[in-house]
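# Geometric and topological summary
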Amino acid sequence: MPERRFFREECYIAGEWLGGGSVIDVNNPATGESIGTVPNLGRAETQRAIDAAHAVFPEWRERSADERGDLCRKIFEALMDNQAALGELLTVEMGKPLAEAKGEVAYAASFFKWFGEEARRVYGDIVPSSWADKRIVVTKQPVGVVGSITPWNFPTAMIARKAAAALAAGCPIICKPALQTPYSALAYGVIADDIGLPKGVLSVITGPAPEIADEFCENPKVRKITFTGSTPVGKTLSSNALRYMKRVSMELGGNAPFIVFDDADLDRAVDGAVACKYRNSGQTCVSANRILVQAGIYDAFAEKFAAKVKSMKVGNGLEDGVEQGPLIDEAAVAKVEAHITDATSKGAEILTGGKRHELGGTFFEPTVLRDVASTMRVSCDETFGPVAPLFKFETEEEAIRMANDTEYGLASYFYTRDLGRAWRVMEALEYGIIGVNEGIISTPVAPFGGVKDSGQGREGSKYGLEDYLDIKYALVGGLR
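Analysis parameters
- Per chain, the residues get numbers from 1 upward, laid out in the order the sequence is written.
- Totals for whole chains, interfaces and linings use every residue, but because this is a predicted model, local features are given only for residues with pLDDT of at least 70 and side-chain atom pairs only at 80 or more, for both listing and counting.
- With hydrogens and water set aside, each side-chain value is computed from the structure's full complement of heavy atoms.
- Only DSSP runs of H or I reaching four residues or more are called helices, and only runs of E reaching two or more are called strands; each is numbered from the N terminus.
- Should any heavy atoms of two residues lie within 4.5 Å, those residues are considered in contact.
- For the accessible areas, the method is Shrake-Rupley and the probe is 1.4 Å, while residue cover comes only from the protein chains on display.
- Positive residues here are Lys and Arg, negative ones are Asp and Glu, while His and the chain termini are left out of the count.
- Each charge is placed at NZ for Lys, CZ for Arg, CG for Asp and CD for Glu.
- Cavities and pockets were defined on a 1 Å grid built over protein atoms only: a cavity is a set of grid points that admits a 1.4 Å probe from which the probe cannot escape, a pocket is an open set flanked by protein on both sides within 12 Å along at least five of seven lines, and lining residues are those with an atom within 4 Å of any such point.
- Grid points are joined across faces, edges and corners, and a volume is the space filled by probe spheres set on the points.
- Residue type decides the class: Asp, Glu, Lys and Arg count as charged, Ala, Val, Leu, Ile, Met, Phe, Trp, Tyr, Cys and Pro as nonpolar, and the leftover types, Gly among them, as polar.
- Following DSSP output, two strands are said to pair if at least two bridges run between them.
- Note on geometry: axes are C-alpha line fits, over the in-contact stretch for helices, and angles between N-to-C directions span 0 to 180 degrees.
- Only protein chains enter the accessibility calculation, which uses a 1.4 Å probe; a residue is then buried when its area is under 20% of its type maximum, exposed when over 50%, and partly exposed in between.
- In protein, a polar contact means a hydrogen-donor-capable atom and an acceptor-capable atom, both N or O and within 3.5 Å, with residues adjacent in sequence counting only if both atoms are side-chain atoms; elsewhere, any N or O pair within 3.5 Å suffices.
- Two rings belonging to Phe, Tyr or Trp (six-membered ring only in the last case) form a pair when the distance between their centres is within 6.5 Å. Interplanar angles under 30 degrees mark stacking, angles over 60 mark edge-to-face geometry, and anything in between is tilted.
- Lysine NZ or arginine CZ positioned within 6 Å of the ring centre and within 35 degrees of the ring normal marks a charge as sitting over the ring.
- Note on terminology: angles under 35 degrees are roughly parallel, angles over 145 are roughly antiparallel, angles of 65 to 115 are roughly perpendicular, and the others are oblique.
- Left-handed describes a crossing whose near helix is turned anticlockwise from the far helix through less than a right angle; right-handed describes the clockwise counterpart.
- Here, a salt bridge means any side-chain nitrogen of Lys or Arg that lies within 4 Å of a carboxyl oxygen of Asp or Glu.
- Residue types Ala, Val, Leu, Ile, Met, Phe, Trp, Tyr and Cys, when buried and joined through side-chain atoms within 4.5 Å, form a set referred to as a nonpolar core.
- By convention, a crossover is right-handed whenever its connection, traced from the first strand over the helix to the second and viewed with the strands pointing away, goes clockwise.

### Some thoughts on the overall build of the chain
- What the chain contains, in helices and strands, is 15 helices and 22 strands.
- Expressed along its principal axes, the backbone C-alpha trace of the chain runs to roughly 75 × 60 × 40 Å.
- Long-range pairs, those at least 24 residues apart, make up 74% of the contacts in the chain between residues at least 6 apart in sequence.
- In the form shown here, the chain has an accessible surface area of approximately 18600 Å², with 51% of it arising from carbon and sulfur atoms.
- Within the chain, the 65 negative side-chain charges are centred at a point lying 5 Å from the centre of the 53 positive side-chain charges.

Printed below as a string of structure tokens:
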């Protein structure tokens, strides 16, 4: 069991640890064994957290940017000082390899470092006035209390991307983590206590998402809702929030194309595709969901790629050398199996993998399919698992058409050594994030988010901070 200090089976609300009532079981996906329980809280407790956040908001917003930035820096330091313990906790509840989990903790910490510094750069404007005796001043102020809902696949990082920006901007935040992975979220409560974050500025509550989300939407003290998850849920949440004119940030589903042109560095493209596709067992919204390879190198790429995938070590994330852990639950395995069955029944060929792993449970073999067509489910439905379907294309124009043939627009990738092609394709792809000759694209200094049905708003960078700020215009007259 991970370090007990960070393993809390109570919720952190208004600066206090709260338990009692019914509980929710949490299991280790690698072993199927129970880790522990967390409280099954609802609207009343959510309201308590909101009331505390609303009460502390005037004090928190009045803190100087230096003070808020310094506290964000302390969270960064606490995460890094406890990287090993927090990484182990993350692996136990989510299943990803320990090296990946430690990397996620460092990635999460980097957002608190970045936004702690960016808090000092919330600039306004003096706009040239139309009148000689008047001046136009534009300032930026925190939106207010924020409700946050995050998924299980990156339980430490998803909270960081939202909470770091909110706290730096001057907004208190209530975090509702996924029930599969609550402990990494509750660890933020331990850190908040350790660094002396004012009570109510950050709360973490566990319970049924519909009840907590409804309270976020309907409570007038909440001014912004930020959500990472599926597109259908995001659309429902956005619609409900709009009824009350709340600000929303939505980071939703994806169907990322990964294009390999015939002039690409083949080895680099193979390495990038493996890293992009199989990180977190393919359970990421920016994972390569469709690998499009130009006809001239299709066979060579398929051979090299399948050989590399076949060599991956699958196992419990706490074991040395493991590159892929289990899927989160049986439903995830069932979806992967359904996609493979559909594809093979329509003519796709399995190059490697294709079935549950001999370890049992929710472990699944890293899989590569070739001769995949647009009529197959993997073409239009996000697999969210370790299945890489290879599509063939002939021309640049066909690749762009295939890549954009989806309602999603989160992340995309392509490999080429032709500078002109790089600019043409980059500008033609209908996606919020594009990796050019790179398979891993996340960083706190760049804006993360999508277009079309992949959501709205951005996380990370100066643009991510803007999502937690209101713009105020003041006309100052009587100056002459």
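Picking up after the structure, the text goes on.
### Thoughts on the layout of surface pockets
- Roughly 930 Å³ of volume is contained in the largest pocket.
- As for the largest pocket, its lining consists of 39 residues, and the residues nearest its centre are Trp152, Phe227, Gly229, Ser230 and Val233.
- Listing elements by their share of the lining of the largest pocket, those giving two or more residues are helix 7 (209-218), strand 10 (222-228), helix 8 (231-243) and helix 11 (330-345).
- No other element matches helix 8, which puts six residues into the lining of the largest pocket.
- A per-class count over the lining of the largest pocket returns 21 nonpolar, 11 polar and seven charged.
- When its volume is computed, the second largest pocket comes out at roughly 280 Å³.
- Residue lining of the second largest pocket: 18 residues in total, with Glu104, Tyr107, Phe154, Arg279 and Ser442 positioned closest to the centre.
- Where the lining of the second largest pocket is concerned, the elements lending two or more residues are helix 4 (98-118) and helix 5 (157-169).

### Description of the sheet that holds strand 18 (residues 411-415)
- With mixed pairing, seven strands are arranged side by side in an open sheet as 14-15-16-13-12-18-19. Both outer strands of the open sheet, strand 14 (349-352) and strand 19 (433-436), are each paired with one neighbouring strand and no more. Here the strands of the sheet are splayed against their neighbours by 25 degrees on average, with no regard to which way each runs.
- Where strand 18 and strand 19 come together, four bridges link them in parallel fashion. When the bridges of strand 19 are listed, Ala411 appears paired with Ile433.
- Strands in contact with helix 13 (residues 396-404) are strand 12 (256-260), strand 13 (288-294) and strand 16 (387-393); relative to strand 16, the strand with the most contacts, it is inclined by about 140 degrees.

### Considering the side chain of Asn219
- Its location among the elements puts Asn219 in the loop between helix 7 and strand 10.
- Its relative accessible area of 6% is what places Asn219 among the buried residues.
- Of note is the side chain of Asn219, whose polar atom sits 2.9 Å from the backbone nitrogen of Lys221.
- The residues touching Asn219, leaving out its near neighbours within four places in the chain, are Gln47, Ile50 and Lys246.

### A word on the sheet that holds strand 5 (residues 125-127)
- Taken in spatial order, the three strands make up an open sheet running 5-6-22, and their pairing is antiparallel. The sheet is open, and its two edges are formed by strand 5 and strand 22 (469-476), each paired on a single side. Strand after strand, the sheet turns through a mean of 25 degrees between neighbouring axes, direction not considered.
- Pairing geometry for strand 5 and strand 6 (residues 135-142), over three bridges, is antiparallel. Residue pairing for strand 6: Val127 is matched across the bridge by Ile136.

### Some words on the packing of aromatic side chains
- In total, this model carries 12 aromatic pairs according to the counting rule given.
- Centroid distance Tyr107 to Phe111: 5.0 Å. Interplanar angle 85 degrees. Geometry classified as edge-to-face. In this pair, Tyr107 and Phe111 both sit in helix 4, four residues apart, roughly one turn of the helix. For the residue pair Tyr107 and Phe111, the accessibility class agrees, reading buried in each case.
- Seen in terms of ring centroids, Tyr278 and Phe305 are 6.3 Å apart; in terms of plane orientation they differ by 35 degrees. Their pairing is tilted. Separated by 27 residues along the polypeptide, Tyr278 in helix 9 (residues 266-278) and Phe305 in helix 10 (residues 298-310) bring together distant segments of the chain.
- Looking at Phe305, the relative accessible area reads 0%, which means it is buried.
- One aromatic cluster is present, formed by Tyr107, Phe111 and Phe115 through successive ring pairs.
- The ring of Phe448 carries Arg161 above its face, with NZ or CZ at 4.0 Å from the centroid.
- Cation over ring: Lys224 sits above Tyr468, and NZ or CZ is 4.7 Å from the ring centre.

### Structural notes on the packing of helix 3 (residues 83-94) against helix 4
- Relative to each other, helix 3 and helix 4 sit at 120 degrees, their axes nearing to 8 Å. In terms of orientation, helix 3 and helix 4 fall into the oblique class. Relative to helix 4, helix 3 is oriented so that their crossing is right-handed. Mapping the contact onto sequence places Gln83, Ala84, Leu86, Gly87, Glu88, Leu90 and Thr91 in helix 3 and Leu98, Ala101, Lys102, Gly103, Glu104, Val105 and Ala106 in helix 4.

### So, the pattern of salt bridges
- Scanning the model with the defined rule gives 35 salt bridges in all.
- Close ionic contact of Arg63 with Glu59 constitutes a salt bridge, the shortest N to O distance being 3.2 Å.
- What makes Arg63 partly exposed here is its relative accessible area of 23%.
- Residue Glu59 is classed as partly exposed on the basis of its relative accessible area of 42%.
- Ionic pairing is found between Glu396 and Arg424, a salt bridge with its closest N-O pair at 2.8 Å. Remark: Arg424 occurs in helix 14 (residues 419-428) and Glu396 occurs in helix 13; sequence separation between them is 28 residues.
- In the salt-bridge network here, residues are joined through shared partners; they are Asp262, Asp263, Glu396, Arg421 and Arg424.

### Points about the nonpolar core
- Leu79, Phe112, Leu167, Leu197 and Leu202 are the most contacted members of the largest nonpolar core, which totals 61 residues.
- Per-element accounting of this core gives the leading share, 11 residues, to helix 5.
- Beyond its immediate stretch of four places on either side in the chain, Leu79 contacts Leu86, Val105, Ala108, Ala109, Phe112, Tyr188 and Ile191.

### Structural notes on the pairing of strand 10
- Most of strand 10 sits inside the fold, with six of its seven residues counted as buried.
- The pairing of strand 7 (residues 145-149) with strand 10 spans five bridges and is classified as parallel. When the bridges of strand 10 are listed, Gly147 appears paired with Ile225.
- For the segment spanning strand 10, helix 8 and strand 11 (residues 247-251), crossover handedness is right-handed.

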